[in-house]
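Single-letter residue listing:
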Amino acid sequence: MLPISFKFVALGAANQLKGFLYRMNPPRTGQAPSWDNKGAQMESQDVASPYTDKSAWADRYELCELAFKKEDGETLIMNDAVVAVSRRANIVSTSMVGMDGTVKEYISDGDYQLNIMVGVQALKDGVIVDEYPSEGITQLRKFFDEKKAITVQSKFLELFDIDSIVITDFSVVQATESNYQPVSISALQDREYNVYGTEY
């Protein structure tokens, strides 16, 4: 079989889209652009980069504390917490007869979803000890059992204007072989709303 001619393919596309092609502006007919900088001397500039000197971060890291606070004022500060934030927009997709794909209708932004990984360390008088962190798990569980929204504070969450959450579920895999217990927490952002009625 002979290969399809490129001219034939181009001609077929042109016939199908001739209405569109008629509206296209003609190609440039003037002088070609010049790349010699009109005889001026080229000047170089340093390119900005987020890369930093690795030696400045050797053997050290930055902690981002996460604080939980209940309505009664009880507060728990965790200095070993990593938070993943995600949000999905509420969009209604409608299929149309004879049309490929769907029509998307933006409704609103959904709640921020948080996945929080917390490490609970065994401490006594502020010193790490070789014991299972039972006391720390007990303190954290009080917040899991809270039936109301919890105030949260961290530099990371401030970037997303998140200051209140509702814990939806948590997961703890027993790690009694050490003095460190990882805990996974799932939560949703909570907001205050004012609802007004028009019928009395």
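Placed above this text is the structure.
Here the structure is a predicted model, which means the values were calculated and not measured.

Undergrad: Help me understand the pairing of strand β3 (residues 81–95) in this model?
TA: Residues in a regular strand point their side chains to alternate faces of the sheet. Inspection of the sheet shows β3 paired to strand β4 (residues 102–121) by 14 bridges, in the antiparallel sense. In the sheet register, Val85 faces β4, and the bridge partner there is Leu114.

Undergrad: Can you help me understand the sheet that holds strand β1 (residues 66–69) in this one?
TA: Hydrogen bonds along the backbone pair up the strands of a sheet, which may run parallel or antiparallel. Read from one edge to the other, the open sheet built from seven strands follows the order β2-β1-β7-β8-β9-β4-β3, with strand pairing classed as antiparallel. Looking at strand neighbours, the two that pair on one side only are β2 (75–78) and β3, the edges of this open sheet. Across the sheet, the mean angle separating the axes of adjacent strands is 35 degrees when strand polarity is ignored. Here β1 runs beside strand β7 (residues 150–153); their pairing, made up of three bridges, is antiparallel.

Undergrad: I keep staring at a nonpolar patch on the surface and nothing clicks. Help me out?
TA: On the surface, Met96, Met99 and Val103 cluster together into a nonpolar patch covering about 250 Å² of accessible area. Here Val103 shows up in strand β4.

Undergrad: What is the right way to read empty space enclosed by the protein from this model?
TA: Which parts of space are left empty comes out when a probe the size of a water molecule is rolled across the atoms. This structure, assessed with the given rule, holds one cavity of 30 Å³ or more. Reported here for the largest cavity is a volume of approximately 30 Å³. Of the residues contributing to the lining of the largest cavity, the split by class is four nonpolar, no polar and two charged.

Undergrad: What should I look at first to understand the environment of Ile107 in this one?
TA: With respect to the helices and strands, Ile107 occurs in strand β4. Looking at Ile107, the relative accessible area reads 46%, which means it is partly exposed. Spatially, the C-alpha atom of Ile107 lies 5.4 Å from that of Asn90, the residues being 17 residues apart in sequence. Setting aside chain neighbours within four positions, we find Ile107 in contact with Asn90 and Val92.

Undergrad: Honestly, the side chain of Ser164 in this entry has me stumped. Any pointers?
TA: Here Ser164 lies in strand β8 (residues 164–171). Residue classification places Ser164 among the buried residues on the basis of a relative accessible area of 13%. Beyond its immediate stretch of four places on either side in the chain, Ser164 contacts Ala149, Ile150, Thr151, Val152, Leu188, Gln189 and Asp190.

Undergrad: What is the right way to look at the environment of Ile77 in this model?
TA: Note that Ile77 resides in strand β2. Overall, Ile77 belongs to the exposed group, its relative accessible area being 55%. Remark: the alpha-carbon pair of Ile77 and Ser154, spanning 77 residues in sequence, is separated by 9.8 Å. Not counting residues up to four positions away in its chain, the partners in contact with Ile77 are Glu65, Leu66 and Ala67.

Undergrad: Quick question: what am I supposed to make of the pattern of salt bridges here?
TA: Side chains carrying opposite charge are able to pair once their charged atoms draw close together. Counted by the stated rule, this structure contains seven salt bridges. Here Lys70 makes a salt bridge to Glu74, at a shortest N to O gap of 3.2 Å. Classification of Lys70 as buried rests on a relative accessible area of 11%. The exposure class of Glu74 is partly exposed, given its relative accessible area of 28%. Its salt-bridge partner being Glu74, residue Lys142 comes within 3.9 Å of it at the nearest N-O pair. Placement of Lys142 in helix α3 (residues 134–144) and of Glu74 in the loop between β1 and β2 is noted, with a sequence separation of 68 residues between them. The exposure class assigned to Lys142 is partly exposed, which follows from its relative accessible area of 40%. Each member of the salt-bridge network shares a partner with another, and the members are Lys70, Glu74, Lys142 and Glu146.

Analysis parameters
- Residues numbered from 1 in each chain as written.
- Predicted model: local features only at pLDDT ≥ 70, side-chain atom pairs only at ≥ 80, totals over all residues.
- Heavy atoms only, no water.
- Pairing = 2+ DSSP bridges.
- Helix = DSSP H or I, 4+ residues; strand = E, 2+ residues; numbered from the N terminus.
- Axes fitted to C-alpha atoms, helices over the stretch in contact; angles between N-to-C directions.
- Patch = residues over 30% accessible without salt bridge, like charges linked within 9 Å, V, L, I, M, F, W, Y side chains within 5 Å.
- Areas by Shrake-Rupley, 256 points an atom, 1.4 Å probe, with all protein chains shown as cover.
- Salt bridge = Lys/Arg side-chain N within 4 Å of Asp/Glu carboxyl O.
- 1 Å grid on protein atoms, 1.4 Å probe; cavity = no way out; pocket = protein on both sides within 12 Å on 5 of 7 lines; lining within 4 Å.
- Points joined across faces, edges and corners; volume = space filled by probe spheres on them.
- Nonpolar A, V, L, I, M, F, W, Y, C, P; charged D, E, K, R; others polar.
- Buried < 20%, exposed > 50% of the residue type's maximum accessible area, 1.4 Å probe, protein only.
- Contact = heavy atoms within 4.5 Å.

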